Amino acid sequence: MTNKSETEKKVAEFLLQIKAIKLQPSKPFTWASGLLSPIYCDNRVTLSHPSIRTYIRQKLSTLIQEEFGSVGLIAGVATAGIPQGVLVAQELGLPFAYVRSKPKEHGTGSLIEGEISAGQRVVVVEDLISTGKSSLQAVEALREAGCDVAGLVAIFSYDLDVATENFKAAKCRFSTLSNYHALIDYASENSFINKEDLELLRKWRDNPSEWGNSIQSEV
């Protein structure tokens, strides 16, 4: 059985070391949604580091087996979930398909690429969970195609309450290798951040939208 806490810390360590995750509480990032955030995550960077890529592939594969048991297909979410999903499917010896962010504008107009069949038990692979919106759009597309979606796995989650609520409403289980709580704990214990930064990071997690407003009012 996998030691979940150990995996959470190790993945947090890797993501910080290779700067797949950047922490800037005093100079926040602006997400596509307009939300100000002290953290930015790009797990595609892991693909450039073979040993870390291998660790993540193996741990995601183990997570799927432990959480969901036997499955017949791995489905990636475009775009960043595609390479991670391919690696996991290869590790488990399973077929792979992926869900586009929108249907093709030519040819078949497909939303799902690859061979799938009705009743097929599927686990969806993502790189990152923020609100869960794009992930759940992929889940819904697979369900509409007749697949039995067992759940979703990802490398990292921001641990936002809205994501938990969205997955619950969609009746979709999800599990991640690491998360925001594990990350800031590791970052604090290993001098990636100071006490002031730690406090700002905790406040963001408690109320992301209000955190952004308070930061803007101070500028």
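Thresholds applied
Residues numbered from 1 in each chain as written. Predicted model: local features only at pLDDT ≥ 70, side-chain atom pairs only at ≥ 80, totals over all residues. Heavy atoms only, no water. Helix = DSSP H or I, 4+ residues; strand = E, 2+ residues; numbered from the N terminus. Core = buried A, V, L, I, M, F, W, Y, C linked by side-chain atoms within 4.5 Å. Buried < 20%, exposed > 50% of the residue type's maximum accessible area, 1.4 Å probe, protein only. Contact = heavy atoms within 4.5 Å. Pairing = 2+ DSSP bridges. Right-handed = clockwise from strand over helix to strand, strands pointing away. 1 Å grid on protein atoms, 1.4 Å probe; cavity = no way out; pocket = protein on both sides within 12 Å on 5 of 7 lines; lining within 4 Å. Points joined across faces, edges and corners; volume = space filled by probe spheres on them. Nonpolar A, V, L, I, M, F, W, Y, C, P; charged D, E, K, R; others polar. Salt bridge = Lys/Arg side-chain N within 4 Å of Asp/Glu carboxyl O.

Caption draft 1: Up close: unusual backbone geometry. Cis geometry marks the peptide bond from Ala78 to Thr79, where omega comes out at 0°. By the secondary structure assignment, Thr79 is in the loop between strand S5 (73–77) and helix H3 (81–92). A positive phi angle, near 55°, is found at Lys171, a position not held by glycine.

Caption draft 2: Geometry of the nonpolar core. The biggest cluster of nonpolar side chains holds 45 residues, and the ones touching the most others in it are Ile21, Leu23, Ile39, Phe156, Tyr158 and Trp204. Broken down by element, this core gets its largest block of residues, 7 residues, from helix H2 (residues 50–68). Apart from the residues within four sequence positions on either side, Ile39 is in contact with Ile21, Lys22, Leu23, Phe29, Trp31, Phe156, Tyr158, Tyr180, Leu183 and Trp204. If you look at the next biggest cluster of nonpolar residues, it comprises 21 residues, including Ala97, Cys147, Leu152 and Cys172.

Caption draft 3: Representation of the pairing of strand S9 (residues 148–157) in the model. A large share of S9 lies buried, amounting to 9 of its 10 residues. Strand direction decides the pairing type here: strand S8 (residues 121–129) and S9, joined by 8 bridges, are parallel. Within the sheet, the bridge partner assigned to Glu126 lies in S9 and is Ala154. In this fold, S8 hands off to helix H4 (residues 133–144), which returns the chain to S9; that crossover is right-handed. Taken together, the 5 bridges between S9 and strand S10 (residues 174–179) define a ladder with parallel strand orientation. Following the sheet pairing, Leu152 is matched in S10 by Phe174. Taken together, S9, helix H5 (residues 161–169) and S10 form a β-α-β motif whose crossover is right-handed.

Caption draft 4: Here's a closer look at the layout of surface pockets. Volume-wise, the largest pocket comes out at about 820 Å³. Forming the boundary of the largest pocket are 31 residues, of which Trp31, Ala32, Leu128, Ser130 and Ser134 lie nearest the centre. Only strand S4 (39–41), S8, H4, H5 and helix H8 (208–218) provide two or more residues apiece to the lining of the largest pocket. Across the lining of the largest pocket, the residue classes break down as 14 nonpolar, 11 polar and 6 charged.

Caption draft 5: Expanded view of the pattern of salt bridges. On inspection of all chains with the given rule, the structure shows 7 salt bridges. The shortest N-O distance in the salt bridge between Lys4 and Glu8 comes to 3.9 Å. Of the two residues, Lys4 and Glu8 are both situated in helix H1 (residues 4–17); the distance of 4 residues between them amounts to about one turn of the helix. Assessed through its relative accessible area of 45%, Lys4 is described here as partly exposed. Of the residues examined, Glu8 reaches a relative accessible area of 14% and is grouped as buried. One salt bridge in this structure joins Arg44 and Asp42, with 2.9 Å as the shortest N-O distance. For Arg44, a relative accessible area of 42% puts it in the partly exposed group.

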